[in-house]
Structures are given as structure tokens and as C-alpha cells.
Amino acid sequence: MPARPFRSVLIANRGEIAVRVIQACQELGLRAIAVYSDADRAALHVQRADAAYRIGPPPAAESYLNVPALLEAARVSGAEAVHPGYGFLAENADFAQACLDAGLVFVGPPPGAIRAMGNKSAAKRLMEQAGVPVVPGYQGEAQDDATFEREAARIGFPLLVKAAAGGGGRGMRVVPGLAALPEALESARREALAAFGDPMLLLERYVSPARHVEVQVFADQQGQTVHLGERECSIQRRHQKVVEEAPSPAVSPELRQAMGQAAVRAALAVGYVSAGTVEFVLDEQGQYYFLEMNTRIQVEHPVTELVTGLDLVQLQLRVAAGEPLPFRQEDVHWDGHAIECRIVAEDPRRGFAPQTGTLAVFEPPRGVGIRNDVGTYAGDTIGMYYDSLLAKLIVHGRDRAQAISRLRWALEHYRVGGVGTNLELLRFIVDHPEFRAGRTFTNFIPEFWRPESSSGAPPLEALLAAVASDLLASGIASGVGPRGMSDDVWRAAGAWRIARGGMPFRFRAGDRLLSATVERDEQVNGWQIEVEGETVTITADPLGDHGVLLRRGEETLSAQVVRDGERLLVQLDGRAYTLTREPASNVEAAEASGSGESAHGQIAAPMPAKVVKVLVRPGERVKPHQTLVVLESMKIEHLVEAPYAAVVERVRCRAGEVVPEGAVLVDLEAQ
Ligand code: MV4
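Below: a short report on this structure. In this numbering scheme, every chain counts its residues from 1 along its sequence in written order. It should be noted that, the model being predicted, local features are given only for residues of pLDDT at least 70 and side-chain atom pairs only at 80 or more, the latter also being counted only at that level, while totals for whole chains, interfaces and linings use all residues. In computing side-chain values, all of the structure's heavy atoms are included and hydrogens and water are not.

**Let's talk about the site of the ligand**
And then number 1: Lining the immediate environment of the ligand, one finds 17 residues, of which Lys162, Glu204, Arg205, Glu279 and Glu292 sit closest.
And then number 2: Here a nitrogen atom of the ligand sits 2.8 Å away from a polar atom, N or O, in the side chain of glutamate 204.
And then number 3: Nitrogen and oxygen atoms within 3.5 Å of one another constitute a polar contact, given that in protein one can donate a hydrogen and the other can accept it, and given that sequence-neighbouring residues count only through two side-chain atoms. Measuring from a nitrogen atom of the ligand, one finds a backbone N or O atom of valine 207 at 3.0 Å.
And then number 4: Using a 1.4 Å probe, accessible areas were evaluated by the Shrake-Rupley method; residue-level cover was limited to the displayed protein chains. Across the complex, the protein chains shield 91% of the 530 Å² of accessible surface that the ligand would expose by itself.
And then number 5: A helix here means a DSSP run of H or I that spans at least four residues, while a strand means a run of E at least two residues long, and both kinds are numbered starting from the N terminus. If you list the elements that add at least two residues to the shell around the ligand, you get strand E7 (159-163), strand E9 (201-205) and strand E14 (288-294).
And then number 6: Residues are grouped as follows: Ala, Val, Leu, Ile, Met, Phe, Trp, Tyr, Cys and Pro are nonpolar; Asp, Glu, Lys and Arg are charged; all remaining types, including Gly, are polar. Of the residues assigned to the shell around the ligand, the class counts are 6 nonpolar, 6 polar and 5 charged. Here a residue counts as near a molecule or strand whenever at least one of its heavy atoms sits within 4 Å of it.

What follows is the structure in C-alpha cells.
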């Protein structure tokens, strides 16, 4: 294939990967052309691009997956190449072909290579021929139950049923024994047909405990194919990777070479070009088996970049333009250790529910050996239309221990406010003895993460930060007096002006009531705060728009407090707490009424979401935990359950409707 240089690239993606590709284009002197949906008009990738074209309304199917709109944007903008990023259309052979047919250079593999790896059964057969070890199993064309039962008996149990057209764990079933096989086949078939339009299944021996180890490969158009070492990606949740590192603590130089050579054979067998990843499962004996090949640049590519010193996205662009790889296998060296954490807008203590809203504070940490690949900015809106990856924190150190200590520091100093994140889970992982020892297996999160083991109740410091933030915002701190005071604080304070003994603050956090009484302390130019019978003296200074620096004696503490009407979102040590101001009179009323809970309950949407299904009708009796409504937010379904036995009084939502956070979905009358 002749060299075909291009001067401009359309980036058919959004978020951090679009930002990453735009930067690589600009560094090479290429014009970077962004596309955006209506939800992304002011997104970071739009700000960073040289030009940006609207491709449609927020739903991905109508924008980032809209092939005609993307090709039209390429035509109108004069783009000469297309980079698909990851996700969306990145592994869609028809899209790659459509780009080529439109005279565009596709920055990725040829459509034939994408197709060859798209069907897992065909890919496994091809890999066996190419001498790549595959998991023992059945990957034939015959799909009748009798064949599967015979093959299952040969393979042994437990085994996995996988959708041939699937990938990334979708449509996968663990089958413990022969009795469970027919049922698993039927449901997997149904799911595969619905999700991929193809019911074809395969069987595999279930490797467990297992590590997910993948090898980065790179091939140019001249036929040179190299591997760039492995990444350990075992720490996942529902097949979404959470922490990735290079090298893998489980891979010796000899194993690296063997897996690397197997990955190169895999790439050569399908005529691969560009960056690709060969996924293996590695068992406790160090045996590795091919699982699938991802024919795209991956989220976790930066850990490979940090240990090899290569820029994989620049290499993709150069190879797409027809340049040969500027190095050979023997020139590839690995230096030190890199770890990536995905910073995601989800709440790990509430079933990983996606978090949406305004990202009032967003300040990734900086320092030697710290890299941030970000897709957002302070003030951005985090919506429910796309995946919830905000940014990636990647650290590099001379060895794994140094990388971990840098990572730990960086996670502790990652400032996010306004939208909850998984930072707490990331810190838990990085501090865990099994992670520290390099014993990372695919069951890590389900086995060790127990959100309920810690109450989630805000510590005293969170309450102090909330109080200090209110005081600073009110102007009391500066001695200005009530003139500068916000209405919120006045109202919440209720009758404090006529009461004696200081100003009361009351907040609700979940089902807990937190209260404090504050008196000015002119001597220290601060306050005395009485909480739970204890008096602490603090001083406070504002840090930017949302930060608060607290001092308690010589101890300092910084927190982010984002104020949203009656709600204060406090971020402290990588953990987020929501405190709601409680007007004094209501508190007293609530306390006076004792434990007498209201017989009527309103069940509200925990997040902005689309109503997928309403499962109850007025008058219906419901049991505790019975699903009332199915919501969808950020591509993930959420079940809204009855908290207690009740009769449905009223249904206030309809399927298809988009509801804001806090919208009442169902009225219940407790039984
Ligand atoms: C497996 C496996 C063990 N044995 N196949 C998951 C994603 C997709 N690429 C293939 N995956 C796996 N396939 C066999 N024969 C383990 C995984 C796997 C996994 C399984 C359950 C829970 C988490 C996992 C994380 C990574 C890989």
C-alpha cells in the first residue's frame, strides 16, 4: 500500500480519548476536527479541536454512532482521515469500510482484520492454526443442544458459555454442571441474538482464579509487527477495567517474550495494521490462553506508553499515513512501572450508580511521574448519555513500589466537587495488601469491596467543613455581619438571632442528623464549634470558589464544598458526602414526632434517568425489594425497589420519559 499522507483528521469520538487524539494530531501538525452531539456543545474535545461539527442530538445512536452524519461532517470539513478512538464505532468493520469508500484514511486496522476478530469462534479457530494457545473448548459451527452437551462433557465443568459475536464479557454465562447447561444455552442465545443479532455460541473451560493480561501489538503497512509488552487488567467490575498496570506482576521476562510472540502471530494471521491488543487469560500455573483481540486503541494504552516511552496515538497516525514503524522489536525496552486508575462518575457505595450534575471542582493532582488524561473541566456538566469516565490518572515510577506511592499520593490529592466519583474505591484498592503484593485477580472487587463495612457517615471534619463553608459564604467570617449573608444560611438558622448560646447548624446526611452550635471567637479570628458535647476551635480561609482550608490548632485540612441550594457536597480525603440543610423548625418537628414514620412514602429517582419500564400499577401490593420502576442512566439499568411492604397509591412516571434526580416516581402507602 503506498504512503498516503493526510493533513487533517476527523475524530469520531468524545471525552478523554478525543482530547488525547486531538493533541496527538496537533503535535504532528495535523488539523484536528471534532464532532459533537447537542449534549457536548461545550465539551473539552470541542474546545481543543481546530474545528467542530454538530452531528446530532444527545443519544449516541443519533450522534456518535450516526455513520451518515459522521461521513457528512468529514466531507464538509474536508477531513482526509478518520480516527475512531475506542468504543462507539471503533471496532465496526462496516464503518471502517465506509470511511475507505468515502476516500478517507481510516486510522486503524483494515476492515478485514476487524471482521476476522469479530467472531470469537472463527477467531479462535484461526488462532489455533496460527499456533496461538486458546482456551480448550468448543468453537464449531454446529449449534444444536446435543452437540453442546457432548462437547461440554468432554471439556468438563465449570465451563463458560460465550456469545461468538460478543466480547468484553457480554453474553457470558458460568455453567457449574450439565444440569444447568440447557437453560444457560437458551438464555445466552436469546441475549446474543438481542444484543448482537447473532445467536452463535461457544463453550470454554472456565479458568479461575484468572488474571486478565493483554499484549499491545503494533503493525505497519510494510508488514512489520511488534509487541510492546503486556498490561495487567485483572481489577475489573462487570467487565469494566478499573486499575491497569504495566508490566504485570505475574509476567517474567521469559513469559513476556512467549506471550508477545504469540500476540504477534495473532496479528500476522489476520493481516493486522495499527495498534491492537491481544487479550489473554493467565492461570495460576502461568499458562496463558488467547481470549479475543481488541482491534482499536484502548483506554489503558497510557501505561504502555509510560513504560516504553512511545506515543501510541502518534504512531497510529504515522502508520496510517504509510510510514514504517521507526523501530524494531529489539529496540523496544521497558522502563519502570506504570499504573492507571479510571476516575469514574459513579458511587461505589450505592451499587456504582452513575453520578450526574455540574462538576464544580475538577483539579487533578500534578507532580513528578503523574500524568492525567482528562475529558472534562471544572464547570462542565456530567450527563447521563455516555459512559461515566471523567479522566484517567496514570503514574510512573522506577519500580512498582514507587508507582504505588505516587499513586496513593495522587489519589489523596485529586480534587473533585459537585459530582461523586469512585476515588474512594480506588484508594481502597491501592491500599489493599493483596494489591500491594501484586496478587491481582479478576475477582478482586467482588471479593474485597464491602461498601457496607464502613458506614459512609460523614466524619466530624466533613461537618466542620460544611459549617465553615456556610460561615465564609455568609460573610460572618469577615466580620461584615448579616449584610453579606446568603438567604440560605439565614433561613436554615431559623431563630438563632433571638436564641442564646450561638448559632445552630443542622444538616441531614442519609438518615443521620448532624448538629453544631457556633460562636464567634474574636481572639483567634475564628469560631468555637460545639458538636456532640465537644467544643473545637477552628479558623477557616476560602480556597478558590469551593475550597475551604480549616485549621484546628496547627492541624490543617482542606476540603471542597460545593453548595447547591440546601445541599452541600463535601469532598474530603477522596470521599464525598452530601449534607442537606435542615431548617430548625422541621428538625424539632421531626424529633418531636419521635420514630413515628409517615405511612406514606414517595419513591424518587436517585439520579436523572430515562424510565425504561414501570412494573407496578395503582392499587397493587408490593413486597420489600420488589422492583417498581426500571431506570436507565449512562447506559446502565437501575432498579428502583420498594423499601417496605406497601400498596401502590399512585404512579407518577411513564416508560420513555426522562426524569430529573429527585422526581417522584411512585407513591406508596406502607402496610
Ligand atoms: C474467560 C475467563 C476465564 N475463563 N474465559 C471476560 C472478558 C472477556 N474478554 C473474556 N473474559 C473472561 N473470559 C475463560 N475461558 C475470565 C474472563 C474474565 C473475567 C471473568 C469473570 C469476571 C471478571 C473477569 C475479568 C476479566 C476476564
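**So, the nonpolar core**
And then number 1: Judged by nonpolar contacts, the single largest core of 38 residues is most densely connected at Val243, Ile429, Phe435 and Ile445.
And then number 2: The set of elements that each furnish at least two residues to this core consists of strand E12 (240-246), strand E15 (337-344), strand E20 (370-374), strand E22 (389-397), helix H12 (400-412), helix H13 (423-431) and helix H15 (444-448).
And then number 3: Pairs of residues are marked as contacts when any of their non-hydrogen atoms sit within 4.5 Å. Discounting residues that sit within four places of it in the chain, isoleucine 429 has contacts with Ile235, Val242, Val243, Phe435, Phe444 and Ile445.
And then number 4: The definition of a nonpolar core used throughout is a set of buried Ala, Val, Leu, Ile, Met, Phe, Trp, Tyr and Cys residues joined through side-chain atoms within 4.5 Å. Residue burial is assigned from relative accessible area. The probe radius is 1.4 Å, only protein chains are included, and a residue is buried under 20% of its type maximum, exposed over 50%, and partly exposed in between. Ranked by size, the runner-up nonpolar core spans 36 residues in total, among them Ala18, Leu312, Leu317 and Val332.

**Observations regarding the sheet that holds E22**
Each strand in a sheet pairs with its neighbour through backbone hydrogen bonds, running either in the same direction (parallel) or in the opposite one (antiparallel).
And then number 1: Across the sheet, 8 strands lie side by side as E14-E13-E10-E11-E12-E15-E22-E20; this open sheet has antiparallel pairing. The strands lining the two open edges of the sheet, one partner per strand, are E14 and E20. Along the sheet, successive strands turn relative to each other by an average axial angle of 25 degrees, direction set aside.
And then number 2: Note: two strands are recorded as paired if DSSP finds a minimum of 2 bridges between them. In this sheet, E22 lies alongside E20 in antiparallel orientation, the contact comprising 5 bridges. When the bridges of E22 are listed, arginine 371 appears paired with isoleucine 394.
And then number 3: All axes are obtained by fitting lines to C-alpha atoms, using only the stretch in contact for helices, and the reported angles, taken between N-to-C directions, cover 0 to 180 degrees. In this fold helix H10 (residues 301-308) packs onto strand E10 (210-219), strand E11 (225-237), E12, E15, E20 and E22, with an angle of close to 25 degrees to the strand it touches most, E22.

**Some words on the sheet that holds strand E33 (residues 609-614)**
And then number 1: An order of E36-E35-E33-E38 is seen for the 4 strands of this open sheet, with the pairing classed as antiparallel. Each edge of the sheet is formed by a strand with only one pairing partner; in this case those strands are strand E36 (636-641) and strand E38 (658-659).
And then number 2: Note that E33 and E38 share 2 bridges and pair antiparallel. Its bridge partner lying in E38, alanine 609 is registered against valine 659.

**Some remarks on the pairing of strand E27 (residues 534-543)**
And then number 1: Of the strand pairs in this sheet, strand E26 (residues 526-531) and E27 are connected by 5 bridges, and their pairing is antiparallel. The residue bridging glutamate 530 from the neighbouring strand is threonine 535, located in E27.
And then number 2: What sits between the antiparallel neighbours E26 and E27 is a turn of 2 residues, in which glutamate 532 has the positive phi angle 45 degrees.
And then number 3: Examined bridge by bridge, E27 and strand E28 (residues 547-552) share 5 bridges and lie antiparallel to one another. Each residue of the ladder has a partner; that of leucine 543, found in E28, is glycine 547.

**Description of helix H5 (residues 111-118)**
Spacing of three or four residues puts side chains on the same side of an α-helix, whose turn is 3.6 residues.
And then number 1: By the burial criterion, the buried members of H5 are Pro111, Ala113, Ile114 and Met117. Down the axis of H5, the smallest arc covering the buried residues is 165 degrees, so these residues share one side.
And then number 2: On its buried face, H5 is in contact with helix H4 (93-101), strand E5 (105-106), helix H6 (120-129), helix H9 (253-269) and E14. As used here, the arc is the angular range of directions from the helix axis to the C-beta atoms.

**Comments concerning the pattern of salt bridges**
And then number 1: By definition, a salt bridge exists where a carboxyl oxygen of Asp or Glu is found within 4 Å of a side-chain nitrogen of Lys or Arg. Tallied over the entire structure, the rule returns 39 salt bridges.
And then number 2: Among the salt bridges present, the one from arginine 342 reaches glutamate 300, with a minimum N-O distance of 3.0 Å. Of this pair, arginine 342 sits in strand E15 while glutamate 300 sits in the loop between E14 and H10, and the two are 42 residues apart along the sequence. The pair arginine 342 / glutamate 300 is uniform in exposure class, with both members buried.

**A few points about the side chain of arginine 371**
And then number 1: With respect to the helices and strands, arginine 371 occurs in strand E20.
And then number 2: With near-sequence residues (within four places) excluded, arginine 371 lies in contact with Arg20, His301, Pro302, Glu305, Leu306, Lys392, Leu393 and Ile394.

**A closer look at the environment of glycine 229**
And then number 1: Along the chain, glycine 229 falls in strand E11.
And then number 2: The class of glycine 229 is buried, set by a relative accessible area of 3%.
And then number 3: Separated by 55 residues in the primary sequence, glycine 229 and glutamate 284 have C-alpha atoms spaced 20 Å apart.
And then number 4: In contact with glycine 229, other than residues within four places in its own chain, are Glu214, Val215, Gln216, Arg256 and Trp334.

**Notes on the packing of H4 against H5**
And then number 1: With their axes 8 Å apart at the nearest point, H4 and H5 run at an angle of 170 degrees to one another. Here H4 is positioned roughly antiparallel relative to H5, judged by the angle of their axes. Only Pro111, Ile114 and Arg115 of H5 make contact with H4, whose side of the interface consists of Ala93, Asp94, Ala96, Gln97 and Leu100.
And then number 2: Residues belonging to the contact of H4 with H5 are distributed by class as follows: 5 nonpolar, 1 polar and 2 charged. Working definition: roughly parallel below 35 degrees, roughly antiparallel above 145 degrees, roughly perpendicular at 65 to 115 degrees, and oblique for all remaining angles.

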